[in-house]
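Each chain is listed here by its residues.
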Amino acid sequence: MMSASGDRFDWYQSEDNIWIDYLRKKMAPTDIRVEIKRREVSLYLTIPTGDELLKKFQLLHEVVPEDSSYRVTATKIEIKLKKADKVCWSHLESQDCITGSGIQTSYDVTKIVHSYPSSSKSAHDWNKIDKEAAEIEGEEDPLNKLFRNIYENASDETRRAMIKSFTESAGTVLSTNWSEVGAGKVEIRPPDGMEYKNTM
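These figures come from a predicted structure and were not determined experimentally.

### Quick notes on the nonpolar core
Here is step 1 of the chain: In terms of nonpolar packing, the biggest core is built from 23 residues, with Val41, Leu43, Phe57, Ile77, Ile79, Leu81 and Leu92 touching the most fellow members.
Here is step 2 of the chain: Listed by contribution, the elements that provide at least two residues to this core are strand E1 (8-13), strand E2 (17-23), strand E3 (32-36), strand E4 (40-47), strand E5 (50-58), strand E6 (63-72) and strand E7 (76-83).

### Describing the pairing of E3
Here is step 1 of the chain: The alternating pattern of E3 places Ile32, Val34 and Ile36 on a buried face and Arg33 and Glu35 on a face that is not buried.
Here is step 2 of the chain: Across five bridges, the pairing between E3 and E4 is antiparallel. Paired with Ile36 across the strands is Val41, a residue of E4.
Here is step 3 of the chain: Where E3 folds back onto E4 in an antiparallel hairpin, the turn is made up of three residues.

### A few points about the environment of Val87
Here is step 1 of the chain: Relative to the helices and strands, Val87 is located in the loop between E7 and strand E8 (103-108).
Here is step 2 of the chain: Relative accessible area serves as the criterion here: at 34%, Val87 is assigned to the partly exposed category.
Here is step 3 of the chain: In this structure the C-alpha to C-alpha distance between Val87 and His61, which are 26 residues apart in sequence, comes to 8.8 Å.

### What to know about the confidence of the model for the protein
Here is step 1 of the chain: For the protein, per-residue confidence averages 76 on the pLDDT scale, and residues scoring 70 or more make up 68% of the total.
Here is step 2 of the chain: This stretch, residues 1-5, has a pLDDT under 50; its non-local contacts, to residues over four places away or in other chains, come to 15 contacts.
Here is step 3 of the chain: Across residues 98-116, where pLDDT falls below 50, the model places 61 contacts with residues more than four positions away in sequence or in other chains.

### Some words on unusual backbone geometry
Here is step 1 of the chain: The phi dihedral of Lys26 is positive, around 55 degrees, even though this residue is not glycine.
Here is step 2 of the chain: Among the structural elements, Lys26 can be located in the loop between E2 and E3.

### Quick look at the sheet that holds E5
Here is step 1 of the chain: With antiparallel pairing, the three strands of this open sheet are ordered in space as E3-E4-E5. Where the open sheet ends on each side, the last strands, each with one partner, are E3 and E5. Averaged over neighbouring strand pairs, the angle between their axes works out to 20 degrees when direction is ignored.

Conventions used here
Residues numbered from 1 in each chain as written. Predicted model: local features only at pLDDT ≥ 70, side-chain atom pairs only at ≥ 80, totals over all residues. Heavy atoms only, no water. Core = buried A, V, L, I, M, F, W, Y, C linked by side-chain atoms within 4.5 Å. Buried < 20%, exposed > 50% of the residue type's maximum accessible area, 1.4 Å probe, protein only. Helix = DSSP H or I, 4+ residues; strand = E, 2+ residues; numbered from the N terminus. Pairing = 2+ DSSP bridges. pLDDT = per-residue confidence, 0-100. Contact = heavy atoms within 4.5 Å. Axes fitted to C-alpha atoms, helices over the stretch in contact; angles between N-to-C directions.

Take a look at the structure:
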């Protein structure tokens, strides 16, 4: 069944429970009836002509109906479901049985595993994303990589020039020209607009 126009719901979880907040204004406890089964939760609007189904949740995993409960406030229906098994739910509903069209948001308050509940039908491999992010963070700076490659492939004379110029200039000069560097001490040459300060 489709959610009533404008209705939405949020859900979140702990290790033991699932909470669903079905948002709907101007309700009284006598206006609502909630039916909780092991893999299904149904919300009904009680009217004189009979109960009208507001929303049916086809749950991803089983719950314990006798240990579950709900309460109605002026703005929402709060449903607390006891998990049958202490597993982290990746979705509230089975992806093959989603029946609602309401806007759904979700929160994992315990982060039991590295999986985040979402109303999206596409799954994200967060471990893979973390690994890729770590690889990016661990990548060498392109400029340092360039200098390292030059040094590794250089002749002994070029290497001496690089070491001498870099050391004597306090890191402000890097030269590969030994005939120039070997002629004398390499002076400190900070970038334009900057002043070198010896902190030693």
